[in-house]
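Observations on chain architecture
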Amino acid sequence: HVSMTTNGTEALLFALRAAGVKHGDEVLVPSLTMIATCNAVRALGAKPIFCDVNDSLCMDWPLAATEKLSPKVKAVVYVSLNGRSEGLSDLIRDCYERGIPVVEDACQSFGSKHQGHYLGTLGDIGCFSMSPHKIISTGQGGFIATNSTRLYDKFRSLKDFGRLEAGVDIHPEFGLNGKFTDFQAVIGLEQMRKLHSRISSKKVIYEHYKTQLKGCIEMLDNQSEVVPWFVDIYLDDAVKLKNYLAHKNIQTRLMYPPCHSQPCYNEDWNLPVTERASKRGLWLPSSPTLKKKEIDLIC
C-alpha cells in the first residue's frame, strides 16, 4: 500500500502516529540525520532517544542502540542515510521479536535496495520524500509504503482530518490535512518515467568521482544496491575545502550537525562516530545531469 502526503516530514509524523507513538513515549533515532527525523518524533510529544551510527553511517544496531531500549520505547526510526542500510535486517528481526514497530526513514533512499528488497518496504512502514533535490521530485511531497492494511488505513485517516471516508465529515479521531494535490501528482507521474535513468546516472557519477579521487579523498565503498543521493566525501578540514571550492564557483554542503547537539535539542550524548562523521563530511555536486567533464573539473 502507498499513500501520498505533503512532504517527507509529514510522512514520518503520520507514520509514527499510525504505529501508535503517543505523547510521552520514546523513539530511537540516529543523531546523524536531517533534523526532520527527530522533529517528527518531537512534534508528537514523544522523546527522541539519540543513537550513534556505524561505519556505514546508519544506526549502530545492536551495539549502540539496544542499550537504550526501555519499556518507554514504542518505535525505532531507521535512517538509510544516502541509500545505505547496514544492519537493517538484524534491527527489523530484533524489533519484531520485541514487538517494537520499525519506521524506515527512506527519504534519501528511493531506488536503493537491501538484500534485494527496496528500502522503505522492509520495516512496518517506510517514509519517502520528493522535495526539490531528491531523485524524484514533485516540488514538495512525500509518501509512505506499508504491507499493513491497518497502518495504511490509519495513515490515510490521520492525513484527512481523522475521517474514515473522504467527503464524509465524521471524525472518530484527531487528524490534520496532509493531502497531496492533483497538480503534484501530474508532475510526479512524469518524473517517475525518469527514475531508472536517474538511478543509473547517480551510480555512474559516484563511481567516476571515486575513480578520480582515489588516493586523495576518503569515500565510502557502496554496494551495488546503493543509489547515492549525494556524493559524500570525508576529510579532516571539510570547512576549508568547502570555502576553497566556493571561490571556484563550486557549491558544496557540509554534513548534518549531530541532531542531539543542535540548539533546539542541546542534549549531552556520547556518540563518537556521529561526531566524527559530522565534522569530516562534505557533499559534492551530485545532480544526475552532471557531465563527466564537470566532475573532472570539480575533482
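Anything mentioned here points back to the structure above.
Here the structure is a predicted model, which is why all the values come from computation and not from measurement. (Residues numbered from 1 in each chain as written. Predicted model: local features only at pLDDT ≥ 70, side-chain atom pairs only at ≥ 80, totals over all residues. Heavy atoms only, no water.)

1. Side note on the overall build of the chain
- Scanning the chain from terminus to terminus reveals nine helices and 12 strands.
- In terms of principal-axis extent, the alpha carbons of the chain reach across some 60 × 45 × 35 Å.
- Expressed as a percentage of its 299 residues, the buried residues of the chain come to 54%.
- A fraction of 63% describes how many contacts in the chain between residues 6 or more apart in sequence connect residues 24 or more apart.
- Surface accessibility of the chain: about 14500 Å² in total, with carbon and sulfur atoms responsible for 54%.
- For the chain, the distance from the average position of its 35 positive side-chain charges to the average position of its 33 negative side-chain charges is 5 Å. (Helix = DSSP H or I, 4+ residues; strand = E, 2+ residues; numbered from the N terminus. Buried < 20%, exposed > 50% of the residue type's maximum accessible area, 1.4 Å probe, protein only. Contact = heavy atoms within 4.5 Å. Areas by Shrake-Rupley, 256 points an atom, 1.4 Å probe, with all protein chains shown as cover. Lys, Arg positive; Asp, Glu negative; His and termini not counted. Charge placed at Lys NZ, Arg CZ, Asp CG, Glu CD.)

2. Notes on the state of the cysteines
- Counting across every chain of the model gives zero disulfides.
- With no disulfide of its own, Cys-264 has Cys-38 as its nearest cysteine by sulfur position, at a separation of 6.9 Å. (Disulfide = S-S within 2.5 Å.)

3. So, unusual backbone geometry
- The amide bond that connects Trp-61 to the next residue, Pro-62, takes the cis arrangement and shows omega of 5°.
- Along the polypeptide, Pro-62 turns up in the loop between β3 (47-51) and β4 (73-79).
- Its identity as a non-glycine residue notwithstanding, Leu-57 has a phi of 70°, on the positive side.
- On the accessibility criterion, Leu-57 (6% relative accessible area) is buried.
- With a phi angle near 50°, Asn-266 is a residue other than glycine that sits in the positive phi range.
- Mapped onto the elements of the fold, Asn-266 is located in the loop between β11 (253-254) and α8 (272-280).

4. Quick word on the side chain of His-208
- Inspection of the secondary structure assignment puts His-208 in helix α6 (residues 195-213).
- For His-208, a relative accessible area of 16% translates into the label buried.
- Sequence-distant contacts of His-208, defined by excluding residues within four places in its chain, comprise Lys-292, Ile-295 and Asp-296.

5. Regarding the sheet that holds strand β12 (residues 281-284)
- Spatially, the three strands line up as an open sheet ordered β10-β12-β11, and their pairing is antiparallel. On the outer flanks of this sheet lie β10 (231-234) and β11, each paired with one strand and no other.
- By the bridge criterion, four bridges tie β10 to β12 in an arrangement that is antiparallel. Paired with Ile-233 across the strands is Leu-282, a residue of β12.
- Most of the contacts of α6 go to β10, to which it runs at about 30°, and overall it touches β10 and β12.
- Relative to the sheet, helix α7 (residues 238-247) contacts β10, β11 and β12, its axis offset from that of β12 by approximately 25°. (Pairing = 2+ DSSP bridges. Axes fitted to C-alpha atoms, helices over the stretch in contact; angles between N-to-C directions.)

6. Structural notes on the pattern of salt bridges
- Applying the stated rule across the entire model yields 14 salt bridges.
- One salt bridge connects Glu-218 with Arg-280, and the closest N-O pair in it is separated by 3.0 Å. Placement of the pair is Glu-218 in the loop between α6 and β10 and Arg-280 in helix α8, with a sequence separation of 62 residues.
- Here Glu-218 falls in the partly exposed class, since its relative accessible area comes to 37%. (Salt bridge = Lys/Arg side-chain N within 4 Å of Asp/Glu carboxyl O.)

7. A short note on the packing of helix α1 (residues 8-18) against helix α2 (residues 36-43)
- Between α1 and α2, whose axes approach to 9 Å, the crossing angle comes to 45°. The angle between α1 and α2 places the two elements in the oblique class. Along this stretch, α1 crosses α2, giving a crossing that reads as right-handed. Of the residues in α2, those touching α1 at Thr-9, Leu-12, Leu-13 and Leu-16 are Ala-36, Thr-37, Ala-40, Val-41 and Ala-43. (Parallel < 35°, antiparallel > 145°, perpendicular 65-115°, else oblique. Left-handed = near helix turned anticlockwise from the far one by under 90°.)

8. Examining the nonpolar core
- Among the nonpolar cores identified, the biggest contains 58 residues, and Leu-16, Val-27, Leu-57, Val-77, Val-103, Tyr-209 and Leu-284 are the most heavily contacted of them.
- It is α1 that provides the largest number of residues to this core, a total of seven residues.
- Counting 18 residues, the second-largest nonpolar core is a separate cluster that includes Cys-58, Ala-65, Val-73 and Ile-100. (Core = buried A, V, L, I, M, F, W, Y, C linked by side-chain atoms within 4.5 Å.)

9. Quick look at the packing of aromatic side chains
- Taken as a whole and assessed by the stated rule, the structure comprises 10 aromatic pairs.
- Centre to centre, the rings of Phe-110 and Phe-128 are 5.6 Å apart; their planes meet at 65°, and the pair counts as edge-to-face. Placement of the pair is Phe-110 in the loop between β5 (102-105) and β6 (113-114) and Phe-128 in strand β8 (residues 125-129), with a sequence separation of 18 residues. With respect to class, Phe-110 is no different from Phe-128; both count as buried. (Phe/Tyr/Trp six-rings, centres within 6.5 Å; stacked < 30°, edge-to-face > 60°.)

10. Some words on empty space enclosed by the protein
- For the structure shown, the criterion picks out one cavity of 30 Å³ or more.
- Size it by volume and the largest cavity reaches roughly 60 Å³.
- Around the largest cavity, the lining residues are Cys-107, Gln-108, Ser-109, Phe-110, Lys-134, Ile-135, Lys-202, Val-227, Pro-228 and Trp-229.
- Class assignment for the residues of the lining of the largest cavity results in six nonpolar, two polar and two charged. (1 Å grid on protein atoms, 1.4 Å probe; cavity = no way out; pocket = protein on both sides within 12 Å on 5 of 7 lines; lining within 4 Å. Points joined across faces, edges and corners; volume = space filled by probe spheres on them. Nonpolar A, V, L, I, M, F, W, Y, C, P; charged D, E, K, R; others polar.)

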